[in-house]
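# Coordinate analysis (summary)
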Amino acid sequence: MRFPDITIAIDGYSSTGKSTFARLIAEHFDFLYLDSGAMYRGVTLFAQEQGLIAPDNTIDPALEKALAGLDLHFAPGTVLYMGERNIEKQIRSMEVSSQVSPIAAVPYVRHYVDERLHAFAAAGRVVMDGRDIGTTVFPDAEIKIFMTARPEVRAQRRFDELVSKGESPVFEEVLRNLQERDYIDSHRETSPLRRAEDSFELNNSEMSLTEEIAWVEGLIRGKFGLLNAPEEV
Ligand code: DC
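A brief structural summary.

Definitions and cut-offs
Residues numbered from 1 in each chain as written. Predicted model: local features only at pLDDT ≥ 70, side-chain atom pairs only at ≥ 80, totals over all residues. Heavy atoms only, no water. Helix = DSSP H or I, 4+ residues; strand = E, 2+ residues; numbered from the N terminus. Polar contact = N/O pair within 3.5 Å; in protein donor to acceptor, adjacent residues only side chain to side chain. Near = heavy atom within 4 Å. Areas by Shrake-Rupley, 256 points an atom, 1.4 Å probe, with all protein chains shown as cover. Contact = heavy atoms within 4.5 Å. Phe/Tyr/Trp six-rings, centres within 6.5 Å; stacked < 30°, edge-to-face > 60°. Buried < 20%, exposed > 50% of the residue type's maximum accessible area, 1.4 Å probe, protein only. Core = buried A, V, L, I, M, F, W, Y, C linked by side-chain atoms within 4.5 Å.

## Here we look at the side chain of Asp-35
Inspection of the secondary structure puts Asp-35 in strand β2 (residues 32-35). Within the structure, Asp-35 has its side chain in polar contact with the backbone nitrogen of Gly-37 (distance 3.1 Å). A distance of 3.1 Å separates a polar atom in the side chain of Asp-35 from the backbone nitrogen of Ala-38.

Below, the structure written as structure tokens:
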């Protein structure tokens, strides 16, 4: 089925499978996928490498000026680059994960990321995932999805992902990090994580990816009156 040229905003708690789901939507229905969390992770890695964030998460105000010289972009497609350097692996480490929420709470960091997300999405037909996409970045998105799942299910997914990347995580630490991030993300002053009133909730604790894709396809067909449309439009 060829979906209309719309923007799909996917928000939700950490490790609810947002990026896997968004990536699949992009593949299935030929959309551009943009991972906004990767941008916050890229800024965090930058701050760490420049010595602008302390172990106690104190952020040096010099970060604001330094951001003017930071080139973060996706190339090709969904792989994040800092200038010429592919930083995809580094931004997924526990080291970056443990400091990304305080960085993402800083208003000038959010401004930096929002500007770039709008530029990347300028051509339209985009599916973007994050925490404030349906509420702040694209409040007019035609389809908004809010994803949830039980914390233990989410921690297990994150744990498995880290193991598959060769890291040796401790389950309780992964769960704690996830709950801390949920708390900071939901309680910060600027663009906190919250469900947009016009979003559809997807609790995927017990769902397979195939079921999730069927769910979103039904949602879009319903919304755009394509319920009885032939497979190829
Ligand atoms: O989805 P993720 O775990 O890669 O996101 C990393 C962090 O970035 C997460 O702790 C919250 C923050 N984030 C945000 O504040 N707003 C977004 N739109 C996306 C991510």
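## Details of the site of the ligand
The local shell around the ligand holds 15 residues, among which Arg-41, Arg-110, Arg-131, Asp-132 and Arg-188 are the closest. Within the side chain of Ser-101, an N or O atom sits 2.9 Å from an oxygen atom of the ligand. When the ligand sits alone it has 450 Å² of accessible area, and the protein chains cover 95% of it. Those elements that provide at least two residues to the shell around the ligand are α2 (36-49), α4 (94-104) and α8 (171-187).

## Here we look at the side chain of Arg-110
Note on placement: Arg-110 falls in helix α5 (residues 107-120). Those residues in contact with Arg-110, other than ones at most four positions away along the chain, are Tyr-40, Ala-104, Asp-132, Arg-188, Thr-190 and Ser-191.

## A short note on the packing of aromatic side chains
Inspection of every chain in the model, using the stated rule, returns three aromatic pairs. Relative to Phe-146, the ring of Tyr-13 lies with its centre 5.9 Å away and its plane at 80°, an arrangement referred to as edge-to-face. A residue pair is termed long-range when its members are at least 10 positions apart, and Tyr-13 in the loop between β1 (7-12) and α1 (18-29) and Phe-146 in strand β7 (residues 143-148) qualify at 133 residues. Residue classification places Phe-146 among the buried positions, given a relative accessible area of 6%. Plain terms: the ring middles of Phe-159 and Phe-171 are 6.0 Å apart, the flat faces sit at 65° to each other, and that makes the pair edge-to-face. Taken together, the residues Phe-159 in helix α7 (residues 151-164) and Phe-171 in helix α8 connect sequence positions twelve residues apart.

## Some details on the nonpolar core
Counting 37 residues, the largest nonpolar core has Val-43, Leu-63, Leu-72, Val-109 and Met-128 as its most contacted members. For this core, the elements supplying multiple residues, two or more each, are α2, β3 (72-74), β4 (80-82), α4, α5, β6 (126-130) and α6 (133-137). Discounting chain neighbours no more than four positions away, the residues touching Leu-63 are Phe-46, Ala-47, Leu-52, Ile-103, Tyr-108 and Val-109.

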